[in-house]
Amino acid sequence: MPKFEEIFSHLSAITGQNTPQIIALLPRCGANWPVALLTERSKQTHPKQPVHLHLFAQHQAPWLLALANCDAFTSSAREQIKVIAEAQVSGCHRVKLASTQLIIDIHLGEPLSQLKALLAPSQPSQAIHSWLVDKEALDQAIIWQMARLSQDNANVLLADAKLSDEKRSDVRLANPGNISADNASPSTDSNHKPATASVNELTERVTKAGFTCYRLNLSAKDDRLMTLADKPSKASMDIAMQERRALRRQQSDGMAFNPLHQGYAGDTAIIGGGVASANLALSLAERDKSVSLFCMDKAPGEQASGNKQGAIYPLLTPEHGSLSHYFLQGHLFSRQRIAHLVDAGHEIPHDFCGVLQTGHDERSHKRLAKIINAQPWADSIAQAVDATEATALAGVTIEHEGIYYPLGGWVSPQAFTRAAISQAEQLGKQSTHYQCQITAIRFEDQQWYLSAVQQGQRQEFGPFANLVLANGRHLTDFSQTAHLPISGFRGQVSHIPARAPLADLKTVLCAHGYLTPAHDRLHCTGASYVKDASNLDYSAVEQVENLDKIRTSYGGDWTKAVDITGHSARVGVRMVTRDHAPIMGCAPDFEAISAAYGEHQHTKESAKYWQATTAPVHHGLYILGGLGSRGLTSGPLAAEILAAQLCGELLPATNDILTLLNPNRMWMRKLIKGKAL
């Protein structure tokens, strides 16, 4: 197989040593070359350039499963790719291989649907530079979606299946600059089906979309690696660029209710100290961005992220809509984040021992049955188990049937948070301010400034080009965010001594409450759920309620070993949205929305106004919060998406997921339907 860089380096317009090449691969389902190509790239110990690879794969593509066995990848990377392939969750799955300067976005599902669901990057330099595709995978619609996501001068390399699947070791590379011209005349039959379209016909369609088209030759019978098939004329290029802009504008107009403005050039401030802010700091540090983190406590992970153990597993719904999809993708990404931090030498107590969810009353039993029977979930995601199977999995007696999540488990949120911040600091360009309570934020001269009290002294920080509020229960403390539709719920988690037979518990249990296997001779159980609580003091009443949740959910003798008499517990506040999805993105300007609402409401015309008008936001201000009780599952991916948005990248999320996370969504859902705010 020719070297990865030999194929792409002389085609890309990107020449900076630290600037990633952004390349997309669109193989046919039965292709062999993706594995060979990625194996070769991953074996490079000192690659010349970082690469961001977009890999479009159909469900159960054999080559994707083969990629999971690639010896050139680390064991954690192989495990992550294997999990993605077996889970069969549609959408974008990001795999980071820092040691080889390689990021792989696996877009899983029908290629045209996946392409249509991606938003073109706001920063043109972050668009795709080159495509390597099997001609059998192309048709007219796919080509134009590729064009929408590409740079103006992007190339398409057509791989012939008969040539690209040859398993020959004596393939030679000619001088990369010695590209021969292919003068074959293109066909004009635009209705020809992709399955039988000739290379010449596809070449014409590709160049009409504004691409320079090459034919990749991996045959040992010809010493030319690639030949120039055709390039667009100036006239056709002008038309293609107009079509591309129209496609991008059409999509962006449909997202007016959810502005996805990129960040401004300059430093970024993050307020917070939990899982969300830590993972955002890490995601930005990986992009070599300058970040200042402001934490109100003496150390990270002292608020809602301070529990000894937290359950990590997906939130599934019977209809398997955007919410369910997001939590599945988030769960897989969080597992990867934890594995990478552990590989980097950070200590994060965790155990992916599985999660067993059972009902605790008639309604919850029916709900679980509806979830597990509504979709053909992959075995690695969710399995229906009877009481006997549940008992064997748990190691203690379980009387009910339920759902088992094999990839679930528990993790220490505090250790996870601290590891992410430590890793971000090691990557450089991050300053951290502890015991720093931000009391006000203000926007002056297109910059953000922070007023704070640090160790009893009043301080001013700034200017910052961008400001991200990821400060949990204090998210609505500021005038700019006071109206966000989000509520705080007090949660007390009880600490239970590990005693027989409770100590035999092997998996996380979830019913009316949750119960973890022992770590450091303690189990965690809970949590209480009290809206807008007046204090965070220990509650004896909630301690008893946590005990009752376990004993009413399970009837085994082992529940008698659940001992709360030590009065050991921890209290935190979880910020929850009405639809249980996080909020991530540009901070909505509620005053501007309210002012416009005064003139546009309760009519068909007003609905059209809100559908077509870009929703008002605070420029340079972003929100990351509302993680609820599933922050370990949802937070790291939301942070990665926001980091990509701040940097103007092609976002690792489909449009429906971005709509789900939109901080404006509660208001805009009503306004675009002409309903009262």
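Please read these numbers as outputs of a predicted model, since none were measured by experiment.

Conventions we followed
Residues numbered from 1 in each chain as written. Predicted model: local features only at pLDDT ≥ 70, side-chain atom pairs only at ≥ 80, totals over all residues. Heavy atoms only, no water. Helix = DSSP H or I, 4+ residues; strand = E, 2+ residues; numbered from the N terminus. Rg over C-alpha atoms; globule rule 2.2 N^0.38 Å. Buried < 20%, exposed > 50% of the residue type's maximum accessible area, 1.4 Å probe, protein only. Areas by Shrake-Rupley, 256 points an atom, 1.4 Å probe, with all protein chains shown as cover. Lys, Arg positive; Asp, Glu negative; His and termini not counted. Charge placed at Lys NZ, Arg CZ, Asp CG, Glu CD. pLDDT = per-residue confidence, 0-100. Contact = heavy atoms within 4.5 Å. Expected span 1.5 Å × (residues − 1). Salt bridge = Lys/Arg side-chain N within 4 Å of Asp/Glu carboxyl O. Axes fitted to C-alpha atoms, helices over the stretch in contact; angles between N-to-C directions. Parallel < 35°, antiparallel > 145°, perpendicular 65-115°, else oblique. Nonpolar A, V, L, I, M, F, W, Y, C, P; charged D, E, K, R; others polar. Pairing = 2+ DSSP bridges. Right-handed = clockwise from strand over helix to strand, strands pointing away. Core = buried A, V, L, I, M, F, W, Y, C linked by side-chain atoms within 4.5 Å. Phe/Tyr/Trp six-rings, centres within 6.5 Å; stacked < 30°, edge-to-face > 60°. Lys NZ or Arg CZ within 6 Å of the ring centre and 35° of its normal.

Enquirer: Describe the overall build of the chain, with residues and values.
Expert: The helix and strand inventory of the chain stands at 20 helices and 30 strands. Compactness check: the chain gives a C-alpha radius of gyration of 26 Å against a globular reference of 26 Å for 677 residues, within 12% of the reference. The dimensions of the chain, computed from C-alpha atoms along their principal axes, are 85 × 60 × 50 Å. Put simply, the chain has 677 residues, and 58% of those count as buried. For the chain, the accessible surface area stands at approximately 27400 Å², while carbon and sulfur atoms represent 48% of it. Side-chain charges of the chain comprise 62 positive and 64 negative groups, with the mean position of each set lying 2 Å from the other.

Enquirer: Run through the confidence of the model for the chain, naming residues and quoting values.
Expert: Scored by pLDDT, the chain comes out at a mean of 89, with 90% of its residues at no less than 70. Low pLDDT, under 50, characterises residues 12-16; the predicted model gives this stretch 10 contacts beyond four residues in sequence or across chains. Low pLDDT, under 50, characterises residues 163-195; the predicted model gives this stretch 60 contacts beyond four residues in sequence or across chains.

Enquirer: Please set out helix α14 (residues 413-427) residue by residue, giving values where relevant.
Expert: Taking 1.5 Å per residue, 15 residues should reach 21 Å; α14 reaches 21 Å between its end C-alpha atoms and fits that length. Here α14 has its buried residues at Pro413, Ala415, Phe416, Thr417, Ala419, Ala420, Ile421, Gln423 and Ala424. A positive backbone phi angle near 90° is found at Gly428, which sits one or two residues after α14.

Enquirer: Can you break down the pattern of salt bridges residue by residue, with the values?
Expert: Overall, the coordinates contain 23 salt bridges when judged by the stated rule. Note that Asp288 is salt-bridged to Lys429, the shortest N-O span being 3.6 Å. Of this pair, Asp288 sits in the loop between α10 (275-285) and β11 (291-294) while Lys429 sits in the loop between α14 and β18 (430-433), placing them 141 residues apart in sequence. Assessed through its relative accessible area of 48%, Asp288 is described here as partly exposed. The closest approach of N and O atoms between Glu302 and Arg418, which form a salt bridge, is 2.7 Å.

Enquirer: Would you mind going over the packing of helix α11 (residues 322-343) against helix α18 (residues 631-646) in detail, with residue names and values included?
Expert: At a minimum axis distance of 7 Å, the contact between α11 and α18 shows a crossing angle of 85°. With respect to α18, the element α11 is oriented roughly perpendicular. Two secondary-structure elements touch here, α11 through Tyr326, Phe327, Gln329, Gly330, His331, Phe333, Ser334 and Arg337 and α18 through Leu632, Thr633, Ser634, Pro636, Leu637, Ala638, Glu640 and Ile641. Here the contact of α11 with α18 is built from residues that sort into eight nonpolar, six polar and two charged.

Enquirer: Which residues make up the pairing of strand β6 (residues 150-159), and what values go with them?
Expert: Burial analysis of β6 places eight of its 10 residues in the buried class, the great majority of the element. Bridge count between strand β5 (residues 128-134) and β6: six bridges; the pairing is parallel. Each residue of the ladder has a partner; that of Asp134, found in β6, is Ala159. Handedness of the crossover joining β5 and β6 through helix α6 (residues 140-148) is recorded here as right-handed. As defined by bridge partners, β6 adjoins strand β8 (residues 212-216) across five bridges and the pair is classed as parallel. Counterpart to Leu157 in the pairing with β8 is Tyr214.

Enquirer: Lay out the sheet that holds strand β17 (residues 409-411) with the relevant residues and their values.
Expert: Across a sheet, strands are paired by hydrogen bonds formed along the backbone, either parallel or antiparallel in direction. The antiparallel open sheet is built from three strands, whose spatial order is β12-β17-β13. Edge positions in the open sheet fall to β12 (310-312) and β13 (350-351), since each of these has one partner strand only. In this sheet, β17 lies alongside β12 in antiparallel orientation, the contact comprising three bridges. Paired with Gly310 across the strands is Val411, a residue of β17. Each of β12, β13 and β17 touches α11; the most contacted strand, β12, lies at about 120° to it.

Enquirer: Account for the nonpolar core, naming residues and giving values.
Expert: Ile441, Leu450 and Leu624 are the most contacted members of the largest nonpolar core, which totals 87 residues. With nine residues, the single largest contributor to this core is α18. With near-sequence residues (within four places) excluded, Leu450 lies in contact with Ala269, Ile271, Phe294, Ile438, Ala440, Ile441, Gln459, Glu460, Phe461, Phe464 and Leu467. Listed in part, the 63 residues of the second largest apolar core include Leu38, Ala57, Leu64 and Tyr214.

Enquirer: Break down the packing of aromatic side chains for me, with residues and values.
Expert: For any two aromatic rings, the description comes down to two numbers: the centre-to-centre distance and the angle of the planes. Applying the stated criterion to the full structure yields 10 aromatic pairs. Residues Phe489 and Tyr529 carry aromatic rings whose centres are separated by 4.3 Å and whose planes lie at 15° to one another, so their mutual orientation is stacked. Of this pair, Phe489 sits in strand β23 (residues 487-497) while Tyr529 sits in the loop between β26 (522-526) and β27 (530-531), and the two are 40 residues apart along the sequence. On the basis of relative accessibility, which here comes to 45%, the residue Tyr529 falls in the partly exposed class. Judged by centre distance (4.8 Å) and plane angle (50°), the ring pair of Phe590 and Trp667 falls under tilted. Note that Phe590 is positioned in helix α16 (residues 590-597) and Trp667 in helix α20 (residues 665-671), a separation of 77 residues in sequence. Each member of the pair, Phe590 as well as Trp667, carries the same accessibility label: buried. Grouping aromatic residues by their ring pairs yields a cluster made of Phe294, Phe461 and Phe464. In this structure, Arg244 is placed above the aromatic ring of Phe211, and the distance from its NZ or CZ to the ring centre is 4.7 Å.

Enquirer: Quick one: what's the story with the side chain of Arg244, residue by residue and with numbers?
Expert: In this fold, Arg244 is placed in helix α9 (residues 234-253). One buried charged residue, Arg244, remains without a salt bridge, the closest side chain of opposite sign being Asp152 at 4.3 Å.

Enquirer: Please give an account of the sheet that holds strand β20 (residues 447-454) that cites residues and values.
Expert: Read from one edge of the open sheet, three strands run β19-β20-β21, paired in antiparallel fashion. Looking at strand neighbours, the two that pair on one side only are β19 (436-444) and β21 (457-464), the edges of this open sheet. Pairwise comparison of adjacent strand axes, ignoring direction, gives a mean angle of 20° for this sheet. Of the pairings in the sheet, the one linking β19 to β20 comprises eight bridges and is antiparallel in character. Bridging across to β20, Phe443 finds its partner in Trp448.

Enquirer: Residues and numbers for the environment of Ala390, please.
Expert: By the element assignment, Ala390 lies in helix α13 (residues 387-394). In this structure, the C-alpha to C-alpha distance between Ala390 and Leu260, residues 130 residues apart in sequence, is 44 Å.

Enquirer: Give a detailed account of the packing of helix α4 (residues 75-87) against α11, specifying residues and quantitative values.
Expert: Between α4 and α11, the shortest axis-to-axis distance is 10 Å and the interhelical angle comes to 170°. Relative to α11, the element α4 is oriented roughly antiparallel. Contacts between α4 and α11 pair Ser76, Glu79, Gln80, Val83, Ile84 and Ala87 from the former with Leu332, Phe333, Arg335, Gln336, Ala339, His340 and Asp343 from the latter. Split by residue class, the contact of α4 with α11 holds six nonpolar, four polar and three charged.

Enquirer: Would you mind going over helix α12 (residues 362-374) in detail, with residue names and values included?
Expert: Taking 1.5 Å as the rise per residue, α12 with 13 residues should run 18 Å; its terminal C-alpha atoms sit 18 Å apart, in good agreement. In the core, the buried residues of α12 are packed alongside β14 (355-358), β15 (383-385) and β16 (402-405).

Enquirer: Tell me about the pairing of strand β29 (residues 583-588), and please be specific about residues and values.
Expert: Here β29 lies mainly inside the structure; six of its six residues are buried. Sheet topology places β29 next to strand β30 (residues 617-625); five bridges connect them, and they run antiparallel. Following the sheet pairing, Cys586 is matched in β30 by Tyr622.

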